[in-house]
Structure formats: structure tokens, C-alpha cells
Amino acid sequence: MNQVGRDIPRLEVHAKVTGRAEYTHHLRLPGMLYGKVFRATVPHGRIRRIDTEAARLLPGVHRVVTGEDVRKIIAEPYYGPAFHDQPILALDKVHHVGEPVAVVLASDPHVAERAVQMIVAEYEELPAVYDEVAAMQPDVVVHDMLRPAGTFADLKHLKGRSGTNVALDYHLRRGDVDAALAGAAHVFEHTFKTQQCLHLPLEPFVSVAEPGDNTLTIYTSSQTPSFVRTEIARLFGWPENRVRVKVPFLGGGFGAKVYVKLEALVAALAVIARRPVKVALTMEEQFYMITKHATTFRIKSGVGEDGRVVARSCEVFWNGGAYADIGPRVTQKSGFTAPGPYDIENIRIDSYSLYTNRTPAGALRGFGIPQLVWAYESHTDLIARGLGIDAVEFRRNNILRGDRPQASGTAMKDAAVAAVLDTLAARIGWSRPFDRGSGTIRRGRGIAIGFKASISPTTSVAIVNVAADGSTTLYTSTVDMGQGSDTAFAQIAAEVLDVRAEDVRVVHPDTDVTPYDMGTLGSRSLFHMGNAVQLAAEDARTKLRALAAEAGLPEGTNYPPAEVFKKRFGMQAGNVIGSASYVPTYKSPDAQTGLSDNVTPFWMIGGAGVEVEVDTETGAVRVLRLVNAADCGRPINPGVARTQLSGAAIMQLGFTLSEVMQLDGGQVTNASLADYKIPGIRDIPPMENELVAAEQQSGPFGAKGLGESGTFGVSPAIANAIHDAVGVRIMELPITAEVVLRALRAQAGHPLEDE
Amino acid sequence: MSARTISFTLNGQKVSTEIEPHRNLVELLQRFDLFGSRESCGQGLCGCCTVLVDDLAVSACLYFGVWVDGKSITTVEALDAGGSLSKVQQAFIDCGAFQCGFCTPGFVLMAHQLLKEHPDPSDDDIRHYLAGNLCRCAAYPEIIEAVKLAARR
């Protein structure tokens, strides 16, 4: 049976269309208290006093908890995947507006909410820093001391520092950039910026902790159940087996719900209260939890007479906000791809992860890659224009082909860069004539491609259980948040075991039951867990054959498993358990040069081609056509893969045209869906989504990750098309009508006055 | 605030309960173990909490529970009460019109109202009726296809 490559509906479709799918959002437990968070109102300040008296006395309030209460049960109540910098509740200082300072617990969430408004806190305000480039100077230092976490293999090199806001700096040196720039026929230099924006899953962050007999069970909307277990156990000084983490479906994640978010808080509250505690954020509160890095990227290239890029220098500043979260990994893993998918001899990269007094930034669908592609593909377009070379031709002349090593020194193996570029050019009709509009309505076209490494080295473990009736159950800690992982893994296991994918049952993460997985993030699951599932299913198949031999059945015959069990155990009894771990090889970048010939087990390639229409009287940009293409290896489920590509591109469309977290002196001024515009059904342009089928030789049945690839090219393709239409260049996201109108008016010599 | 006693029809059944006047319809439905209406934005902008009140789609997060006194409520849980999925639900499956599924009940109910009022909707009708439902996974192209498919059936 061909289970891989089948377009079957997701396994959980019935539960989702009937509203019966389980989310943590719905969970209620007997005796449960609701926690509502009291948050900091200043961006940087020493806590002078927290007065909780009035809140405590409100009828119905169970108790009020502050950071000092947490410190009584957890001596060092700080967490984080890269640095242990984030307190469960603020201690001594607050570092951003919206930081949790206290929690009110009550049986009725409305009572807790009212009580929160009765808490009074006084701060000694400190100078604050918001801009990532300004944060390079130690005039304002956000944290007095930085404490590396040491949890992940790829972040072991982080060092404790003080007197700086630089959490991590990554440097890559290859060839002689200065000499090559000095000798180049043309030199181009630009600075691009991206804005702080947000994931905003429609199921906002929610976690529940239930204390047991020396145990804790945490039900949470998390992409990383295994990490939550490790981190909660570490905080309490417990062995991992006293912490159980259960994750049902997620109402969206997009990188928001990784590592620890509300889990440490609910765990501490449940231990203090000795009752189950639920903390569920509102949409507004999500603006104070985690965001996407704002960035500044200075890029400089030397180009020869033949149109070949000979040197490139990249300086990237990542605005990490008040807590590092996974920003240091973004800085490094994305950092080494900063020169783009181009074959360049001389490269210099300096990438800095910076603390500021904003809401923390982490991973958002692309792990920093969309910010980089925005800069290097806008820059590429400007170079091509500057030299009078066609933008696609210029790229064809410079892209990494064959197995050529990328900047880091790792070969671009099984990476269909050229095929993605060619697919886009063909689908958009790049070589065909194009109606460029007239009067006040002008049209243009743009193209952009990007690429990404996977996070490495990371481990996935899978268990396949064949029951005595032959039915198959799969146990993994991968979280299905809509990407379709349950279905893809069922198809992989079914392919190996020769059963129907629809008949495989997938057990959702429960760390008492499902084995370790590093996390559902960075498009890693299909490759890593997919490989583990394939190996575990093969292990089960081998054991079924051994069982048949024990039962005296002749080798090579194809008895159904149910008959094998019956023959071996005399009735419908027994199990066959197949299991496997998968961890790819990895080599850390050299501390001096930043180089490594094995930084990633696979590469993701994605791009976009667009046609836009610009109204020169209003600056309004309308996308007339959006073509997305990505190298997805061999698709396990083409239908689900295509919706991933399409959904990622639309999400990036929001980050390109409308989404921005507005700040005024550290205060977020648009913390609601009324004032922060995400794409709705009226904003969707005509789209075409192309899966560029290639073969990832090391992937499960040739597959690779795809969840982020659709984001890569969208923003620069649109900026390039706007330039093509009206001749103005937008250097900063988002590209609102106002931004375009200002650029048009400045170009015409009649700039609009500032507000 | 003191509770009031209200009586209404919930998915075809006559029910009565006590509820405080500040609680919204999402909370009221949770008391009946109905979780298909989900409060997300809390401002009536995302449509995740959509239910039908006397056959009209409303945002349950902005609708006080006491207001349903004497009215008839239909939630997503009623659509397959006869044992089979509604046309809209089946079309959502056939077109792969969701990813995480959190917003899906709201879209399904809004599509029901649309098709009741416009059995053969234009693209513009579809976009107009569904403009108040947000899908962060952005399955919009598939949702439009699903509504058209349901209309054709």
C-alpha cells in the first residue's frame, strides 16, 4: 500500500469540525483556581513596594502570590532555554511593561480580575533602552548579570557576562572581505529594518497545573512538552518522573508556545495553593509574553564586472527584549545564513542578540530567517537594478548550485535553490510582457528566495505499539498544532507496517507515556520525528517477524499480525513495541571563524513571486497575485503540505503589510486585535502554491520540514515589486499605505510633514 | 451580583439555569459542557465564539448570558446531532479548510447562516459574511472553496 504521498484528510478532522477537539483552553478540574496576573506598568524599574492587602481582602479571593512567595518554595526561580534570566514573578526589578509581578487566585476568574485591579505597586524607575542598535552601548544595562542555562548542546558555548546587553554575538569570517570590497568594481551598502510583531495564536497562552502526591501534572498549550518537564523538574530540584506534562491539540503556536511560558508560573501557584491552578491569558496579555525580533541589518556587497558577488559583509542586530528566551539561537542559527543562498567567496557576519526593555522576542515561524531574507533579497534587487541586470538573471548567476558549501562551510546538499527560483520565474511569467498600469494605478513584479538551516543537534524518540489484534498506536511528543504531524507520522508508520494510515492511532504528548522530543519547532518534526517513527516502525516490523518465527510460522510468509499473536500466545494477547531514537550528527561552528561543515541535517528553501498594484494617490498596495514555492523534499501528504505553504505565506503577508506592535515609551499602544491588524478573509490575494518536489536523502521517505518555508520570500518580493511599479524603495517593515505615500511624496520632492 | 433564572432552548432542548448578569454566553454554554464557542479576542473581532441566537450569528463573548432568556441557541455541537455531519462540516473536511481547528466552529456556523440567506453565494458574499471570522493559520483559500462546495451540494 502506498501510504506516503497520499492526500488523506487529517486524522482529527471530525473532532475539529464538530467543535469537540480537545484544547487546554477548555480544561476545568475539580477545585481549580483561576490565576489572574498583575503586570508591571513601567519598562525598567526597581520594585519598591507591592501592596496586595485590598486584593487579599476581596471576598472570593483565595490568595495573592508575589515573587517573594515563589522564592520561598523555589530558591532560584529563574528559567529560560538559553539563559536562566526570567523570574517566575518579578524579583527586585521589572524589565518590561507587562512583566508579571503578582497573581491573584480565586475560584471565579472575574473575582480574580477585579482583585488584580486593587493591587498597587511602586517602582523606582530606571533609564530604559528600546532600540537594538542603541543597546550595543552599555549606557543602560538591562540585566546586572547573565547566567547561561547550559541545557541545549548547541548553546553550551554561552558565557556568563555582566555590564553588557549582548546575550550572544556570532561571528563568521571567510576569505578577505575588506580586500575583495576594495578590489570590487561596484560596492552596494544598505540598512534594512524589521518591526516587532506577534504570533497571536487564537488560543491564547494557557496552562493548568494539578498537584498530586509529590507530583505535578501540567496540562498546557505548549510546543515543547519534554522541555517543560525538564525545566519544571530542575526548578523544584525533582527527578523528571515527578512531573507529568500533557498537551492536547493547540489552537495555534507558530513558535510562541515553545520552552517555558506559563508552565513555571502555574506549577509554582499550584504547589503554593495545593490546588489545581489555571492561568489563561487574554488576547491583550499575549502582547506581553513573546514577540518576533525587531532587527537592523547592515549589508554591504562587492560585485565584479561580470555581475558576480565577490564579497559580502553582514551586521545584524536582533532586538531580544527583556529576556533572552531563544533569541541567542535565532542570532546564531539564522546568523550564518545572513548572506543569502549565494555563492560568495569572501564573507563576514556579525550577528548580535541584544537585551532591551521591550516584551521578549523569540522564534516566530522562520526563526529569524524572514528578517534576514527581507534584507538580503531587497539588497539583491537593488544591486541588480543598480547594474541594470534582470533580477532573476542576477540571482541565477550567483545562487549556490550543486553541493556548493554555504557561508558556514556546510554543503547545500539536497537543496533545490535553482529549482525554486526557476519555478517562481516560470509561474509568475517573468519573461512575459506585463501590464504596468497607467495614471495613478501602477503595477510591478518582484521575486525573492530564501533558505534556512534546521536546528541541530536535536533528538526525537518514537514508540510504535502493535496490539494483539494488529492495530497500531503511535506514541510521540510532537505537538499537532495544525501542521498535520499526527497525520504525517501515521502515514510513515503505515507505510512501513503495511496498514492504512487512517487506522493508526496517534497518542498526544503525555510525558508519562510518550517519549522525549526536543520540541515541535523550526520545521524539525517531519524530518527528526519522521525519521524516529520510521525507525520505530521498522523495529516493530522486525519484532513481528521474530514473533512469527517463535510461533513456528515459516519465514517469508505474510501472516496478518493478529494471527501471529494468536498463534504465539494462544489467544488475542501480547504486544509488539518498536522504538527508536533519531539524532543527526552536528559540528559546532568554530569559535574563531564561525565555520562548520555540518551545521544542519537539511536545508529548507522557499520563495515568492508577486504582482502588485500601487495607487500613487494614496500609497495603497494591492497584491494582485502571490506565487509561493518551496522545496519540500518528497511530500508525505501533498494537500497538507500545500496548506502549510499557503498559510505561512499569508501570515508573512500580515507581517509585511500591516502588523506592527506600536510602542510609546515602552508602553504597547495597540494591544488588541482591534488595533493590531492580522490578515482576514478580505486580505487574501489570488495565490498559487507550488511544492518543488526534491528528495531529501536523509529524510523519512525523502521528506523534509516545510512549516516556515512559505514565509521566506514574501516581504522582499513585495518591496521589490513596489520598486518595480513606482520606483520607490521601502527599507523597513511593515509597508503600510502611509509608508508608501511618504516615499512617493519624498521622491517627488514634496515630502509629507511628520505627525 | 445576584443570579437570575433564565429559560431558553439550547440545541433543540428546553433548559433553565441560574446565571449572574455579568457572565457572557460563552460562560453560560460552558456550564452545559459545550466548548465549541471559544472566547479568544474578547472583543467580537475574531468570531471564535460564534453561535446562532434565534438563527442569527452572534459573538457569544459580547452577548450576556441573561439575554438568551426565551430565545433559541444553536451551537456547533448541534450540527451533527442527527448522526451525520452537516454539508458545511463535510465540505470543510473535503477542502482541508482548517489547520489548528480552534476557529473552525465559528467559521462553520457563519457559513451556515450565509448559505441559509444566500444558497448560491458569490465570492464577495462569502468574503463579506466571513470577514468577522479570523483564522491565524490562514486557511482562508480553502475555507472559500469549502463554502462553495457546500453550496454546490
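Calculation rules
- Residues numbered from 1 in each chain as written.
- Chains lettered and ligands numbered in written order.
- Predicted model: local features only at pLDDT ≥ 70, side-chain atom pairs only at ≥ 80, totals over all residues.
- Heavy atoms only, no water.
- Helix = DSSP H or I, 4+ residues; strand = E, 2+ residues; numbered from the N terminus.
- Rg over C-alpha atoms; globule rule 2.2 N^0.38 Å.
- Buried < 20%, exposed > 50% of the residue type's maximum accessible area, 1.4 Å probe, protein only.
- Axes fitted to C-alpha atoms, helices over the stretch in contact; angles between N-to-C directions.
- Parallel < 35°, antiparallel > 145°, perpendicular 65-115°, else oblique.
- Left-handed = near helix turned anticlockwise from the far one by under 90°.
- Contact = heavy atoms within 4.5 Å.
- Pairing = 2+ DSSP bridges.
- Core = buried A, V, L, I, M, F, W, Y, C linked by side-chain atoms within 4.5 Å.
- pLDDT = per-residue confidence, 0-100.

Draft legend 1. Focus on the overall build of chain A. Helix and strand counts for chain A come out as 17 helices and 30 strands. Taking 27 Å as the expected radius of gyration for a compact globule of 755 residues, we find that chain A reaches 27 Å, a close match to that expectation. Expressed along its principal axes, the backbone C-alpha trace of chain A runs to roughly 85 × 75 × 50 Å. Out of the 755 residues in chain A, the part that is buried amounts to 65%.

Draft legend 2. Quick look at the packing of helix α13 (residues 525-550) of chain A against helix α14 (residues 561-569) of chain A. Residues and elements named next belong to chain A. The N-to-C vectors of α13 and α14 enclose an angle of 45 degrees; their axes lie 9 Å apart at closest approach. Between α13 and α14, the crossing angle belongs to the class labelled oblique. Seen from above, α13 lies across α14 with left-handed handedness. Mapping the contact onto sequence places L544, L547, A548 and E550 in α13 and P561, V564, F565, R568 and F569 in α14.

Draft legend 3. The arrangement of the sheet that holds strand β18 (residues 346-354) of chain A in detail. Residue and element names in this part refer to chain A. Taken in spatial order, the five strands make up an open sheet running β9-β18-β17-β16-β10, and their pairing is mixed. Lying at the two open borders of the sheet, with one neighbouring strand each, are β9 (166-174) and β10 (186-194). For this sheet, the mean angle separating the axes of adjacent strands, direction not counted, is 5 degrees. Sheet analysis places β9 next to β18, joined by eight bridges and oriented antiparallel. Paired with Y170 across the bridge in β18 is S351. The strands that helix α9 (residues 369-387) touches are β10, β16 (294-303) and β17 (309-319); relative to β10, the one it contacts most, it runs at about 145 degrees.

Draft legend 4. Local environment of the packing of helix α2 (residues 87-94) of chain B against helix α3 (residues 104-117) of chain B. Residues and elements named next belong to chain B. For the pair α2 and α3, interaxial distance at closest approach is 9 Å and the crossing angle is 125 degrees. The orientation of α2 relative to α3 falls into the category oblique. Classified by chirality, the crossing of α3 by α2 is right-handed. Across the interface between the two elements, V88, Q89 and F92 of α2 pack against T104, F107, V108, A111, H112 and L115 of α3.

Draft legend 5. The nonpolar core, seen in detail. Residues A:I232, A:I722 and B:F92 are the most contacted members of the largest nonpolar core, which totals 255 residues. By residue number, the principal contributor to this core is α13(A), which donates ten residues. Judged by nonpolar contacts, the second largest core, of 21 residues, contains A:A40, A:V42, A:V111 and A:Y123.

Draft legend 6. Examining the confidence of the model for chain B more closely. Here chain B averages 97 in pLDDT, while 99% of its residues score no lower than 70. Taken over the whole predicted complex, pTM reads 0.97, whereas the ipTM for its chain interfaces reads 0.98.

Draft legend 7. Representation of the sheet that holds strand β23 (residues 472-475) of chain A within the structure. All names here are of chain A. Overall, mixed pairing links the four strands, which are arranged β24-β23-β22-β25 in an open sheet. Two strands in the sheet have a free side with no partner beyond their single neighbour: β24 (505-507) and β25 (575-582). Pairs of neighbouring strands in the sheet enclose a mean axial angle of 20 degrees, with direction left out of account. Where β23 and β24 come together, three bridges link them in parallel fashion. If you follow T473 over to β24, its bridge partner there is R505.

Draft legend 8. Helix α7 (residues 263-273) of chain A, seen in detail. Along α7(A), ten of the eleven residues are buried, which leaves the element largely enclosed by surrounding structure. Looking at α7(A), one finds that the buried residues are A:E263, A:A264, A:L265, A:V266, A:A267, A:A268, A:L269, A:A270, A:I272 and A:A273.

Draft legend 9. Representation of unusual backbone geometry. Between A:S456 and A:P457 the backbone carries a cis peptide bond, its omega angle lying at -5 degrees. One can find A:P457 in the loop between β21 (441-453) and β22 (460-467). Its identity is not glycine, yet A:D325 carries a phi of approximately 45 degrees, on the positive side. Assignment of secondary structure puts A:D325 in the loop between β17 and α8 (327-334). On the basis of relative accessibility, which here comes to 5%, the residue A:D325 falls in the buried class. Unusually for a residue other than glycine, B:D33 sits at a positive phi of about 60 degrees.

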